[in-house]
Amino acid sequence: MKYPLHCARCGRDYDDDGRRLRCDCGGMLDLRFEPSFKPNMADGRSHDLWRYREALPVGNDVVTMGEGWTPLLPVTLDGRQLLVKQEQLFPTGSYKDRGAAVLMTRLHELGVKHVVEDSSGNAGCAVAAYAARAGIACDIYVPEDTSPAKTAQIEAYGAALHRVPGTREDTARAALEAAATCVYASHVYSPWFLQGTKTFAYEVAEQLGWTAPDTLVLPTGNGTLLLGAYMGFVELARSGIVNHVPRIVAVQAAACAPLAAAFAAGLDEPVAVHTNATVAEGIAIAAPARGSQVLAAVRASGGSFVTVSEQEIIASLRDCCLGGWFIEPTSAAVIAGARRCARTAAPGETIVTAFTGHGLKAAAKIAELMKSL
Ligand SMILES: *Cc1c(COP(=O)(O)O)cnc(C)c1O
Ligand SMILES: [Zn+2]
């Protein structure tokens, strides 16, 4: 099956050979694909993300570990109920498996033998795991200070790990150079990754009886979950399966908030901002490549941005842990944003958010943070 890559900025289409990263105009590429999924098609199928296969532009030979269909559970914080998708329960411990399963399925179909990826940790874990499942060799680039559990996990899957000194952007540059001679399985550039993360929307809609929640509170570093969830709800609304696209509240750490700053200033592109260190390592992205798409999605949904302080992130981490939920600090940032949003929500408003990553990814760091309280 062939679906062209499409540049939303200039309208140009390209054949997809797995290698093209951007449009010649510099724009990011999306996939031109219209799903034919209808709710009754999922009846009787296994409870994983492949139950929406008519919404996924790949064939039947899928690279899978039974991922998806994470529970959507009520969690009460500050006396308000949030519905929290348990994305920490994925095979590699974060929602990145949604994107990696679909992207690696596609690259496997294309006969790709070797990929490179860069990440602050979790996308590297997911790509390394699914590359191992598919028998594809894999080089993963991470910043030097990435949590040891994540680097151990990447190496355990048999990937070659490269630690890059400097900023997250230096890591991205190193991966981009390495990708000159093989395929860049990028969770940021590849539109196939977003085809996978969009299953978040399909699952939430089905779990709510094929309706859309009022509000989605999602993390925003590069926005890979946010953009996928938005695309999924747009598709579901367009095919009449749900009757609206939820309002999207995008959460950034105040220490690294280029998109929140752009949104507040009414701009269409991320702004260059001064950044500080944050415990939310997974969303510390100073120059998000799909930033303009994130801004457009949040605006089109009637949503907004919230920024959360380090104290709020750590307090949310503590409160989640004391409630029995072991999540990583990045994931606690999202919950800090969701709490803010819940405090001002209308009575009866349905707010869906996510535990994006498992606490075991950063157990030592969590122990340290809990001692600091
Ligand atoms: C990747 C990740 C995020 C946010 O992802 P972006 O695509 O950068 O917005 C949030 N939480 C965890 C645990 C992650 O691994
Ligand atoms: Zn273009």
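Predicted model, so just to flag it, every value in this text is computed and none were measured.

## What to know about the domain arrangement of the protein
Item 1. In terms of domains, the protein is made up of domain 1 (5–32), domain 2 (72–94 + 192–372) and domain 3 (96–189).
Item 2. Distance between the C-alpha centres of domain 1 and domain 3: 21 Å.
Item 3. Taken together, the contacts link 8 residues of domain 1 with 9 residues of domain 3.
Item 4. Between domain 1 and domain 3, a total of about 690 Å² is buried, with carbon and sulfur atoms accounting for 60% of that surface.
Item 5. The interface formed by domain 1 and domain 3 includes 1 salt bridge.
Item 6. Measuring nitrogen to oxygen at the nearest pair gives 3.1 Å for the salt bridge that ties Arg 106 to Asp 16.
Item 7. Linking domain 1 with domain 3 are 1 residue pair in polar contact (both at pLDDT 80 or more).

## Description of the coordination of the zinc ion (ligand 2)
Item 1. The protein atoms donating to the zinc ion (ligand 2) are Cys 7 (SG), Cys 10 (SG), Cys 23 (SG) and Cys 25 (SG), with metal-donor distances spanning 2.3 Å.
Item 2. Considering all 4 donor atoms around the zinc ion (ligand 2), the spread of angles at the metal, 105 to 116°, places the coordination shape in the tetrahedral class.
Item 3. On the primary sequence, the residues serving as donors to the zinc ion (ligand 2) are separated as C-x2-C-x12-C-x1-C. Taken together, the residues span a long stretch of sequence, with Cys 10 in the loop between strand E1 (5–7) and strand E2 (13–14) and Cys 23 in the loop between E2 and strand E3 (29–31) at a distance of 13 residues.

## Details of helix H6 (residues 199–207)
Item 1. With 8 of its 9 residues buried, H6 lies for the most part within the structure.
Item 2. Every buried residue of H6 is listed here: Thr 199, Phe 200, Ala 201, Tyr 202, Glu 203, Val 204, Ala 205 and Glu 206.
Item 3. Each element contacted by the buried residues of H6 is listed here: strand E5 (80–85), helix H1 (96–109), helix H5 (191–197), strand E10 (215–219), helix H7 (224–238) and strand E13 (351–354).
Item 4. Of the residues one or two after H6, Gly 209 is the one with positive phi, at around 70°.

## Structural notes on the pattern of salt bridges
Item 1. Going through the model one piece at a time under the given rule, you end up with 24 salt bridges.
Item 2. Linking Arg 168 and Asp 118 is a salt bridge whose minimum nitrogen-to-oxygen distance equals 2.8 Å. Taken together, the residues span a long stretch of sequence, with Arg 168 in helix H4 (residues 168–178) and Asp 118 in strand E6 (residues 114–118) at a distance of 50 residues. Pair check on accessibility: Arg 168 and Asp 118 agree, each one buried.
Item 3. Note that Asp 268 and Arg 299 form a salt bridge whose closest N and O atoms lie 3.5 Å from each other. Here the residue Asp 268 occupies a position in the loop between helix H8 (258–264) and helix H9 (291–300), and Arg 299 occupies one in helix H9, the gap between them amounting to 31 residues.
Item 4. Linked by salt bridges that have partners in common, Asp 78, Arg 318, Asp 319, Arg 339 and Arg 343 make up one network.

## Topic: the environment of Ala 342
Item 1. Relative to the assigned elements, Ala 342 resides in helix H11 (residues 329–343).
Item 2. Look at Ala 342 and you get buried, because its relative accessible area is 3%.
Item 3. Through-space distance from the C-alpha of Ala 342 to that of Leu 82 is 7.6 Å; in sequence the pair is 260 residues apart.
Item 4. With sequence-adjacent residues up to four places away left out, Ala 342 is seen in contact with Arg 80, Leu 82 and Ile 351.

Definitions and limits used
Residues numbered from 1 in each chain as written. Chains lettered and ligands numbered in written order. Predicted model: local features only at pLDDT ≥ 70, side-chain atom pairs only at ≥ 80, totals over all residues. Heavy atoms only, no water. Domains from an automatic or database assignment. Contact = heavy atoms within 4.5 Å. Buried area = accessible area lost by both parts, 1.4 Å probe. Salt bridge = Lys/Arg side-chain N within 4 Å of Asp/Glu carboxyl O. Polar contact = N/O pair within 3.5 Å; in protein donor to acceptor, adjacent residues only side chain to side chain. Donors = N, O, S within 2.8 Å, 3.2 Å for Na, K, Ca; no water. Tetrahedral: all angles 85-135°; square planar, octahedral: opposite > 155°, others 65-115°. Helix = DSSP H or I, 4+ residues; strand = E, 2+ residues; numbered from the N terminus. Buried < 20%, exposed > 50% of the residue type's maximum accessible area, 1.4 Å probe, protein only.

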